[in-house]
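These are the residues of each chain, in order.
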Amino acid sequence: RNMYKYLILVVFSVAFMNCKGQEKSTENKNLKESIKPNVVVIYLDDLGYGDLSCYNSTALKTPNIDKLANGGVRFTNGYATSATCTPSRYAILTGKYPWRNKDAKILPGTAPLIISTSQETLPKLFKSKGYATGVVGKWHLGLGSGHVNWNEHISPSPNEVGFDYSYIMAATQDRVPTVYIKNGNVVGLDLKDPIKVNYQKNFEGEPTAISNPEMLTMKWHHGHNNSIVNGIPRIGFMKGGEAAKWKDVDMADHFLEKAKAYVKKEKEHPFFLYYALQQPHVPRTPHPRFAGKSGLGPRGDVILEADWVIGEFIKTLETEGLLENTMIIFSSDNGPVLNDGYEDDAVEKIGDHDPKGGLRGGKYSLFDAGTHVPFITYWKGKIKPQVSDALVCQVDLLASLASLIDGKIKTSDSENILPAFLGQSKEGRKSLVLEANTKTAYREGNWMMIPPYSGEAINTLVNIELGNSSEYQLYHLKDDKGQQNNLAHSNPKKLQEMIKNFEAIRGE
Ligand code: NG6
Ligand code: CA
């Protein structure tokens, strides 16, 4: 009888345990279900490490971005992969080092899409977990597969590499075609006035900065002397498409409206939005509301404009009740430049402001300021405010966000450092290969190694040190953030170790 009683007890407890187990697994499931936060990447163009007040600028006040920094993780070792736009954007969207793709370099407006439609991408990752995916702003990764006809549906476009909504400019604000493209179609195009674009030669009779300087409202300094749109000379020749041409001073407001509308439209289900602002890239064209407001000329004014835009965007997340369920990642595609081809007072009015924030180099450079940029993660109520010295890179978003939403990826360049992005750990990646104009450098821990490269030491047109030298360079960034003391000779052991590890990653 006792035995009988015992059996019943065992049966009951097993049943009870089972039940508990089930409870536990539904709990886990619910947690996973609820881990479908919206994710927004806010990406600036050419913003330097020292351009924000949360990164110690005193000349520029950026209260809205500061709110993200002070309420989230402000990274002091955050990197773009590259010192120019296209490669950095390639890396953030594919999780792959851009130097693995020979086409990942500054592209003309007519370049074909450099992300293959079969490639793994950030938006595809989100799509695989049921997210709506959108891109608003600067693209600069090419369009089509050969020669684009701007008067027909353009494909492949962002829509073929994972975005179900795209509202973009093809390349840069200084490159033709100067029109917006929505889901592969030029916005506002009048087919009776078809668009033609050519980067080699002008269309007969069309004014250029050389033939008609009297039409210019902005002066070019180097490059930028082809077609004139809105008084601004551009890179490349364009004919037609008059009704579709954007108004430069309205661009920030225009993209903001699209980003806000996207959030409002998709608020019922999880979304991923890649919001790529055009500031402070040239031509710097602040809306009149911001013109003259920074005292630093148009470059400063458009940074204030970008800060305002970001504030408005966050207000929308707030009023839609989405802020607590949205992870925001803020960064810049490469470091700063003052004169990038127009005479726009950026140099003349810089005063004491240091866009590089004490780093060496700038846009185009292998020195640190080329790729070391502002980097902020913010998630109201989830991420505890802090400053983090963890080494993080934009290429890591793919693996880290895959971990966040329980998705699967294959790439090996992207590292899962989600705990660092969420402020739960001060450990980021151990090492990182950085790139400028297809040349690479290597950071490991606090060390930076630049191999010898031929080429000019300074690009005198933009007045930036490029990092080229006939000697190996080795810097300890924690002790020497301005890269003034080359330790290659005094620490040959470290140098050899760095070279070995770097070459192992580069596959040399
Ligand atoms: C350069 C342009 C520069 C800028 C850059 C791309 C000239 C002389 N300079 O070729 O103005 O457009 O390309 O910048 O044309 S990026 O941030 O998109 O990489
Ligand atoms: Ca850029």
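Structure: see above.
Remember, predicted model here, so these are calculated numbers, not experimental data. (Residues numbered from 1 in each chain as written. Chains lettered and ligands numbered in written order. Predicted model: local features only at pLDDT ≥ 70, side-chain atom pairs only at ≥ 80, totals over all residues. Heavy atoms only, no water.)

(A) Seen up close, the sheet that holds strand β16 (residues 386–393). Across the sheet, ten strands lie side by side as β6-β5-β4-β3-β12-β1-β13-β15-β2-β16; this open sheet has mixed pairing. In the strand order of this sheet, the two ends are held by β6 (185–186) and β16, each with one partner. Here six bridges tie strand β2 (residues 73–79) to β16, and the two strands are oriented parallel to one another. What sits directly across from F75, in β16, is S388. Sitting on the sheet, helix α6 (residues 298–319) is in contact with β1 (38–44), β12 (271–276) and β13 (326–332), with an inclination near 170° to β1. (Pairing = 2+ DSSP bridges. Helix = DSSP H or I, 4+ residues; strand = E, 2+ residues; numbered from the N terminus. Contact = heavy atoms within 4.5 Å. Axes fitted to C-alpha atoms, helices over the stretch in contact; angles between N-to-C directions.)

(B) Broad picture of the environment of G134. Looking at the element boundaries, G134 is found in strand β3 (residues 132–138). Apart from residues lying up to four places away in sequence, G134 is in contact with F163, Y165, Y262, F272, L273 and Y274.

(C) A look at the coordination of the calcium ion (ligand 2). Of the protein atoms, only D45 (OD), D46 (OD), D333 (OD), D333 (OD) and N334 (OD1) coordinate the calcium ion (ligand 2), at distances of 2.2 to 2.7 Å. Each of the six donor atoms around the calcium ion (ligand 2) contributes to a set of angles spanning 50 to 173°, which defines the coordination as irregular. As a motif over one chain, the donors of the calcium ion (ligand 2) read D-D-x286-D-N. Highlighted residues: D46 in the loop between β1 and α2 (63–71) and D333 in the loop between β13 and β14 (342–343), separated in sequence by 287 residues. (Donors = N, O, S within 2.8 Å, 3.2 Å for Na, K, Ca; no water. Tetrahedral: all angles 85-135°; square planar, octahedral: opposite > 155°, others 65-115°.)

(D) How the structure looks around the site of ligand 1. By nearness alone, 20 residues border ligand 1, and C85, D174, R175, D340 and K363 come closest of all. Between H281 and ligand 1, the recorded distance is 3.0 Å, taken from a side-chain N or O atom to an oxygen atom. One of the side-chain N or O atoms of K363 is found 2.7 Å from an oxygen atom in ligand 1. Its free accessible area being 450 Å², ligand 1 has 85% of it covered by the protein chains. Its residues placed into classes, the shell around ligand 1 shows five nonpolar, eight polar and seven charged. (Near = heavy atom within 4 Å. Polar contact = N/O pair within 3.5 Å; in protein donor to acceptor, adjacent residues only side chain to side chain. Areas by Shrake-Rupley, 256 points an atom, 1.4 Å probe, with all protein chains shown as cover. Nonpolar A, V, L, I, M, F, W, Y, C, P; charged D, E, K, R; others polar.)

(E) Up close: the sheet that holds strand β19 (residues 447–450). Pairing in this open sheet of four strands is antiparallel, and the strands run β17-β18-β19-β22 from one edge to the other. The open sheet terminates on both sides in strands that have one partner only, identified here as β17 (431–436) and β22 (473–476). With strand direction ignored, the average angle separating the axes of adjacent strands in the sheet is 20°. Against the sheet, helix α9 (residues 492–506) contacts β17, β18 (439–444), β19 and β22, and its axis sits at roughly 120° relative to β18.

(F) Molecular detail of the packing of aromatic side chains. All told, the structure shown has 20 aromatic pairs when counted by the stated rule. When the centroid spacing of 4.5 Å and the interplanar angle of 5° are considered together, the rings of F126 and F272 count as stacked. Note that F126 is positioned in helix α4 (residues 122–128) and F272 in strand β12, a separation of 146 residues in sequence. Owing to a relative accessible area of 0%, F126 belongs among the buried residues under this scheme. What makes F272 buried here is its relative accessible area of 0%. Geometrically, the ring pair formed by F367 and Y475 is edge-to-face, given 6.3 Å between the ring centres and 65° between the ring planes. In this pair, F367 sits in the loop between β14 and β15 (375–378) while Y475 sits in strand β22, placing the two residues 108 residues apart along the sequence. Each member of the pair, F367 together with Y475, is buried. (Phe/Tyr/Trp six-rings, centres within 6.5 Å; stacked < 30°, edge-to-face > 60°. Buried < 20%, exposed > 50% of the residue type's maximum accessible area, 1.4 Å probe, protein only.)

(G) Focus on α9. End to end, α9 covers 21 Å across 15 residues, agreeing with the expected 21 Å (1.5 Å per residue, within 8%). Considered for burial, the residues of α9 that qualify are K494, L495, M498, I499 and F502. Down the axis, α9 shows its buried residues gathered within 135° of arc, on one side only. Of the residues in α9, the exposed ones pointing more than 90 degrees away from the buried face are K493, K500 and A504. (Expected span 1.5 Å × (residues − 1). Arc of directions from axis to C-beta.)

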